[in-house]
Amino acid sequence: MRRPLQLSLFALVLLGLVGGTLAFFLAQKTVLLTVDGQTREVGTYAGTVGEVLEDEELALAAHDVVLPAADQPLSDGDAVVLSRARPLELTVDGVSREVYVTALSVDEALEQLGMRADGLQVSASRSERLPLEGMQLTITTPKEVVLVADGQERVVTTTAATAGDLLAEQGIALSGTDRMSLRPTQALLNRMRLQVFRVQVTEVVENAPIAHGRVETPDAAAFQGDEQVTQQGVDGEQATTFRVTVVDGRETSREQLASTVTRAPVDEHVTVGTKARPVNKPGADGLNWAALAACESGGRPDAVSGTGKYHGLYQFSVATWQAVGGSGLPSAASPDEQTFRAQQLYNRAGAGQWPHCGPRLFG
């Protein structure tokens, strides 16, 4: 090949190399890349925002935020901002859900979530950084709860998460039998009502009488209606054990556990007359018993003298009444029996038994 031709070809190749190199350098860009608040300068030949992120091995996740958008063209001097999302297992007042934030700290996360109220109780320090893999975060908001305990009802403002936490916060201790209107682990809500019930369960022994029985023995020698106690009756006693539940000072239930006879009853024994009484007909013996009764007692079968010594129609003393076969008080006997006993007394001792009124028998 002739030398002039060689020189021409060499010149053409050299021109191509210089042009390609110049084009390569002209295609390079310098970009300010900010990832999660950290900014650095990046040289790149990428044509779009997505390509520069790919070159930097920054894969976009579903909840990440990138500005400009990943498909936007990239020019020299552009700024690209990538805020990567962090998953939060967020529990607010006992209700859990998963959320994503691009915040770098707990405080920024609260801002993004719109939880700016004072008095929030947060499970982590507000200045703590959020790792890229996320974290668990529990938030309790201030609530007004109606608290009823030990005879008092009041409204308390609290950030306690559960009913049990509120009682601990207020210094209210529960015994093993006490109850509350909510479960200890139940999450508190605003304007919720929590009531404490003081429960006492005790065993009580109560004594009660057992009525004695009555055993009657017929007595053919005694008149009908006449009775004589031959053995006094005695009531027994029974002890019953109860389990008694008292809630806030009021008994709510009583369960019988056991019952024991501590003293057996003793029956009363009585002889009962079966002999028919004679029919008394005042005046049949020719005496005026009605006049005697009117004089002695005003004709009242239940009359009792002012001294309490004399009783009935004919004002018997108790000793005289018993001497003619009467029992009990004369004033408690029937008029027929009183007349019958008076006739017996007259047959024994005459009208002198009634010094003042005796003559009326013959009037």
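Residues numbered from 1 in each chain as written. Predicted model: local features only at pLDDT ≥ 70, side-chain atom pairs only at ≥ 80, totals over all residues. Heavy atoms only, no water.

Its UniProt record gives the protein a comment under Sequence similarities (unreviewed entry), which states: "Belongs to the transglycosylase family. Rpf subfamily." (UniProt positions renumbered as here; feature names shortened; annotations may be inferred.)

Got a sec to walk through the domain arrangement of the protein? Specific residues and values, please.
Assigned domains of the protein: these are domain 1 (20-83), domain 2 (86-140), domain 3 (143-197), domain 4 (202-273) and domain 5 (280-361). Relative placement of domain 1 and domain 3: their C-alpha centres are 56 Å apart. (Domains from an automatic or database assignment.)

Explain the side chain of glutamine 315 to me, using residue names and the numbers behind them.
By secondary structure assignment, the location of glutamine 315 is in the loop between strand S19 (310-311) and strand S20 (316-317). When near neighbours in sequence (up to four residues on either side) are disregarded, glutamine 315 contacts Glu296, Ser297, Ala303, Ser305 and Tyr310. (Helix = DSSP H or I, 4+ residues; strand = E, 2+ residues; numbered from the N terminus. Contact = heavy atoms within 4.5 Å.)

Give me the lowdown on the pattern of salt bridges, citing residues and values where you can.
Considering all chains together, one arrives at 17 salt bridges under this definition. One connected set of salt bridges, linked through shared partners, spans Arg214, Glu216, Glu227 and Glu268. (Salt bridge = Lys/Arg side-chain N within 4 Å of Asp/Glu carboxyl O.)

Break down the sheet that holds strand S4 (residues 79-83) for me, with residues and values.
Strands sit in the order S2-S1-S4-S3 across an open sheet of four strands; the sheet is mixed. A single partner strand is all that each edge strand has here, and the edge strands are strand S2 (38-44) and strand S3 (65-67). Pairwise comparison of adjacent strand axes, ignoring direction, gives a mean angle of 20 degrees for this sheet. Of the strand pairs in this sheet, S3 and S4 are connected by three bridges, and their pairing is antiparallel. Residue pairing in the sheet places valine 65 in a bridge with serine 83 of S4. (Pairing = 2+ DSSP bridges. Axes fitted to C-alpha atoms, helices over the stretch in contact; angles between N-to-C directions.)

For helix H5 (residues 289-297), give the residues involved together with the corresponding values.
For H5, the complete set of buried residues consists of Trp289, Leu292, Ala293 and Ser297. The buried residues of H5 all sit within an arc of 100 degrees when viewed along its axis, so they share a single face. Contact partners of the buried residues in H5: helix H7 (335-349). Count one or two residues on from H5 and you reach glycine 298, which has phi positive near 75 degrees. (Buried < 20%, exposed > 50% of the residue type's maximum accessible area, 1.4 Å probe, protein only. Arc of directions from axis to C-beta.)

Go over unusual backbone geometry with me, naming the residues and quoting the values.
Residues leucine 67 and proline 68 are joined by a peptide bond in cis, for which omega reads -5 degrees. Along the polypeptide, proline 68 turns up in the loop between S3 and S4. You will see that aspartate 248, though not glycine, has its phi angle at about 50 degrees, which is positive. Inspection of the secondary structure assignment puts aspartate 248 in the loop between strand S16 (236-247) and strand S17 (250-263).

Which residues make up the state of the cysteines, and what are the values?
For the structure on display, the rule yields one disulfide. Across a sulfur-sulfur distance of 1.9 Å, cysteine 295 and cysteine 357 are joined as a disulfide pair. Looking along the S-S bond of the cysteine 295-cysteine 357 disulfide, the torsion reads about -65 degrees, which is the left-handed sense. Highlighted residues: cysteine 295 in helix H5 and cysteine 357 in the segment after H7, separated in sequence by 62 residues. Accessibility expressed as a relative area gives 3% for cysteine 357, which makes it buried. (Disulfide = S-S within 2.5 Å.)

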